[in-house]
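Here is how the chains run, residue by residue.
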Amino acid sequence: MIAAAVMNTSMTMSTLSKLKEDPELHDYLVLRVGKAHLRQRIGVETEHVADRFGQGRTLFHIENWHAAAAIINVALKITGLAARGRANALDFQVRHNEWVLPHLPEVFEGFTLLQLSDLHLDSLASFPDLLAENISNLEYDICVLTGDYRFLTHGPQQNAMLGLERLCRDIDRDIYAILGNHDSILMTKPIESLGIRLLLNENIQIEREGDSLWLAGIDDPHYFSADNLEKAYDGIPDEAVSLLLAHSPEIYRHAAYVGFDFMMCGHTHGGQICLPGEIALTYNSSAPRFTGAGVWSYDLMQGYTSVGAGSSVVPVRFNCPPEITLHHLRRGGMQPSTAIVAKRDC
Ligand SMILES: [Fe+2]
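The rules behind each value
The residue numbering used here restarts from 1 in each chain and proceeds along that chain's sequence as written. The predicted nature of this model means local features are confined to residues of pLDDT at least 70 and side-chain atom pairs, given and counted, to a pLDDT of 80 or more, with totals for whole chains, interfaces and linings taken over all residues. The term nonpolar core refers to a set of buried Ala, Val, Leu, Ile, Met, Phe, Trp, Tyr and Cys residues connected through C-beta atoms within 7 Å. We call a residue exposed when 12 or fewer other C-beta atoms sit within 10 Å of its C-beta, buried when the count reaches 20 or more, and partly exposed for counts in between; the C-beta positions come from the backbone. Annotation comment: domain bounds sourced from an automatic or database domain assignment. Whether two residues are in contact depends on their C-beta atoms, placed from the backbone: they are in contact if these lie within 7 Å. DSSP bridges decide pairing: two strands pair if at least two such bridges lie between them. Put simply, DSSP marks the helices as runs of H or I at least four residues long and the strands as runs of E at least two long, and each gets a number from the N terminus on. Here a crossover is taken to be right-handed if, once the strands point away from the viewer, the path from the first strand over the helix to the second is traced clockwise. For helices, the fitted axis covers only the stretch in contact; all axes are lines through C-alpha atoms, and the angles between them, taken along N-to-C directions, range from 0 to 180 degrees. Amino acid classes used here: Ala, Val, Leu, Ile, Met, Phe, Trp, Tyr, Cys and Pro are nonpolar; Asp, Glu, Lys and Arg are charged; the rest, including Gly, are polar. To be clear, the arc concerns the directions from the helix axis to the C-beta atoms.

Asks: Got a sec to walk through the nonpolar core? Specific residues and values, please.
Replies: Among the nonpolar cores identified, the biggest contains 63 residues, and Ala255 and Met263 are the most heavily contacted of them. When residues of this core are sorted by domain, at least three fall in each of domain 1 (2-56) and domain 2 (68-345). Setting aside residues up to four positions removed in sequence, Met263 forms contacts with Leu244, Ala246, Tyr252, Ala255, Met301 and Gly303. The next biggest cluster of nonpolar side chains, apart from the first, holds 11 residues, and it includes Ile273, Val313, Val314 and Cys320.

Asks: Requested: an account of the pairing of strand β3 (residues 142-145), with residues and values cited.
Replies: When strand β2 (residues 112-116) meets β3, the two strands line up parallel, connected through 4 bridges. From the neighbouring strand, Gln115 faces β3, where its bridge partner is Val144. As for the winding sense of the linkage, the β-α-β connection from β2 through helix α7 (residues 127-135) to β3 is right-handed.

Asks: Lay out the sheet that holds strand β13 (residues 301-305) with the relevant residues and their values.
Replies: With mixed pairing, the 6 strands of this open sheet are ordered in space as β6-β7-β8-β9-β13-β12. The open sheet terminates on both sides in strands that have one partner only, identified here as β6 (202-208) and β12 (294-298). If you compare each strand with its neighbour and ignore which way they point, the axes differ by 20° on average.

Asks: Give a description of the domain arrangement of the chain that names residues and reports values.
Replies: What the domain assignment reports for the chain is domain 1 (2-56) and domain 2 (68-345). Averaged C-alpha coordinates put domain 1 and domain 2 at centres separated by 23 Å. Elements with a contribution of two residues or more to the side of domain 1 that touches domain 2: α1 (2-6), α2 (15-21), α3 (23-33) and α4 (35-47). Among the elements that make up the side of domain 1 that touches domain 2, the one with the highest residue count is α4 (6 residues). Residue composition of the side of domain 1 that touches domain 2, grouped by class: 12 nonpolar, 6 polar and 4 charged.

Asks: Describe α7, naming the residues involved and giving the relevant values.
Replies: Among all positions of α7, only Phe127, Pro128 and Leu131 are buried. For α7, the angular spread of the buried residues around the axis is 95°, confining them to a single face. Residues of α7 that are buried sit in contact with α8 (158-168).

So this is what it looks like as structure tokens:
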């Protein structure tokens with residue numbers, strides 16, 4: 001099924017050309033995201049493929065500067081750290097966070113979300129199998145994927161989609177997802193063909209015994225600027241608990257103003273190659289550094305930035321292990337709290 005969906009794409013064709021050749025896919029995407037959203041995505045994906053400067057929310061995009069990978073690889077070879085960095089990139093840590101939400105319905109006490117971010121599934125051949133092994137024994141109620149399925153920001157998507165298909169075999173709960181800055185709108189159909197519900201400026205109601213919480217997701221805010229918080233919040237009652245998936249933390253202030261209770265994001269990789277003490281050289285984000293990794297809050301909204309399970313540019317990590325995140329929701333007092341626990345099961 002995946003193969004059929006992705007066979008329509010090739011390395012050399014633009015998103016516009018691919019959709020002109022495949023009216024059925026075009027109609028599918030119009031139905032899913034609407035004409036205006038699709039046209040914006042097509043415009044950026046066609047005119048700004050892998051731009052190093054200017055597009056989106058940051059001035060420079062290191063993931064599109066191919067010399068960066070060459071420079072890092074040379075440095076790793078000279079220092080003899082390549083094998084260590086690669087082993088680090090597969091040394092997954094499970095993090096548990098507890099979030100106190102004062103108006104959480106009682107029936108959702110202990111409700112747990114498995115967050116997997118920045119998978120870049122085609123970075124290393126062994127990555128999907130190893131990640132699947134690491135999540136197979138975890139307990140959770142739903143899984144959320146916060147974007148970046150492909151290693152590069154452009155080119156073929158088949159291997160990333162095959163990796164996602166492999167991962168899904170070990171996820172036995174409902175999966176909700178968003179797209180990141182490495183993800184074409186053309187991935188919508190193959191991802192949804194796996195039974196994953198993409199939330200592209202949309203929300204869904206999760207019901208239990210007559211009570212609900214709401215999960216919203218926005219399209220990539222970092223590079224494609226395809227996010228629309230207004231659409232994503234549409235229909236959510238003010239008194240409801242609302243959770244937001246966003247690829248990057250860059251829209252955190254507006255998400256808080258809108259009224260979301262808790263925002264889960266990724267994109268920064270926590271710096272990926274860090275100094276000792278997990279000090280990031282860059283978070284590749286226009287948002288302030290306090291949103292770069294882990295737990296944070298702004299106004300009445302609590303937030304969490306995953307450092308990601310995968311790797312970008314070069315599949316290595318230093319002083320920033322890849323993470324698998326479990327968010328446990330708790331019913332609490334009158335004041336929202338910042339993170340209660342953030343620990344690693346080593
Ligand atoms: Fe990423």
